[in-house]
Amino acid sequence: MIRFIFRLLFKWNGWSLSIDHIDQNDLKKSVFLATPHTSNWDAVYMVAAMLKIGVKLRFAIKREWIRFPLSIALKPMGAIGIDRRPQGERKTKLSMVEAMANLFQQKEELSLVIPPEGSRSLREEWKSGFYYVATTAKVPIVLAYLDYDKKTAGVYEAFYPTGNYEEDMKYIISVYKKHNPGPKFPELFTYDKRFA
């Protein structure tokens, strides 16, 4: 029901979808970047846009948060619990990257959305977790976007990381800067100054 409401809001507010030359197989198991991220509305429009092409975006939260009664609202929105408890003979907790990468081993299909800014507040340096989740899980990074100026949501490309973090980040930033999608609140967004 919640996703249906998101789709209605997407349509009623005049948004459109733009996706060029994307292999659907690259979307089945992938880390989705959703940028720029400056508003809670970003989740509504991104989830609705991807549903139009059959992709059910998921987002990671602590497993404790998806227990009843919160699960009633969070699971339909795409929440998936992260289990960082020690596994097997391991005595220490998993890192967030390890726990998120493990989800890809457990699921036949998983499109996990991670805003690289890590917050709706202004950040001059993006978080690196999305990159290391993708490299650990050996899945592509889908360069998705929301452009409030044009009321367009979409995907630029599915990028397979090489393992060279600095060079890959320069490339990712260059793709976004080339298209320059307009955030809802421009004063809360900037590209990672280390790679721009």
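Read on for an overview of the structure. Just so it is clear, the structure is predicted and the values come from calculations on it, not from any experiment. (Residues numbered from 1 in each chain as written. Predicted model: local features only at pLDDT ≥ 70, side-chain atom pairs only at ≥ 80, totals over all residues. Heavy atoms only, no water.)

1. What to know about the overall build of the protein chain
Then, number 1: Counting its secondary structure elements, the protein chain contains 7 helices and 7 strands.
Then, number 2: The linear arrangement of helices and strands in the protein chain, starting from the amino end, is α-β-α-β-α-β-α-β-α-β-α-β-β-α.
Then, number 3: Since a compact globule built from 196 residues should have a radius of gyration of about 16 Å, the 16 Å found for the protein chain is in line with a globular shape.
Then, number 4: A burial count over the protein chain gives 45% of its 196 residues as buried. (Helix = DSSP H or I, 4+ residues; strand = E, 2+ residues; numbered from the N terminus. Rg over C-alpha atoms; globule rule 2.2 N^0.38 Å. Buried < 20%, exposed > 50% of the residue type's maximum accessible area, 1.4 Å probe, protein only.)

2. A word on the pairing of strand β4 (residues 79–82)
Then, number 1: Neither face of β4 is left uncovered, since the one carrying Ala 79 and Gly 81 and the one carrying Ile 80 and Ile 82 both have all their residues buried.
Then, number 2: In this structure, strand β3 (residues 57–62) lies alongside β4, joined through 4 bridges in parallel fashion. Note that in β4 the partner of Ala 60 across the bridge is Ile 80. (Pairing = 2+ DSSP bridges.)

3. Notes on the pattern of salt bridges
Then, number 1: Taken as a whole, this structure holds 5 salt bridges when the rule is applied.
Then, number 2: In this structure, Glu 125 and Arg 194 form a salt bridge, with 3.8 Å as the shortest nitrogen-oxygen distance. One end of the pair, Glu 125, is in the loop between β5 (110–114) and α6 (129–137); the other, Arg 194, is in the segment after α7 (165–179), and 69 residues separate them in sequence.
Then, number 3: Residue Arg 194 is classed as partly exposed on the basis of its relative accessible area of 40%.
Then, number 4: Among the salt bridges present, the one from Lys 170 reaches Glu 167, with a minimum N-O distance of 3.6 Å. Of this pair, Lys 170 and Glu 167 are both found in helix α7, 3 residues apart, which corresponds to roughly one turn of the helix.
Then, number 5: The class for Glu 167 is partly exposed, based on a relative accessible area of 42%.
Then, number 6: Through salt bridges with shared partners, one network takes in Glu 125, Asp 192 and Arg 194. (Salt bridge = Lys/Arg side-chain N within 4 Å of Asp/Glu carboxyl O.)

4. Let's talk about α6
Then, number 1: Buried residues of α6: Phe 130, Tyr 131, Val 133, Ala 134 and Ala 137, and no others. End-on, the buried residues of α6 take up no more than an arc of 165°, which puts them together on one face.
Then, number 2: For α6, the secondary structure elements touched by its buried residues are β2 (29–35), α5 (96–106), β5, β6 (141–147) and α7.
Then, number 3: Note on α6: the residue one or two positions beyond its end, Lys 138, has a positive phi of about 60°. (Arc of directions from axis to C-beta. Contact = heavy atoms within 4.5 Å.)

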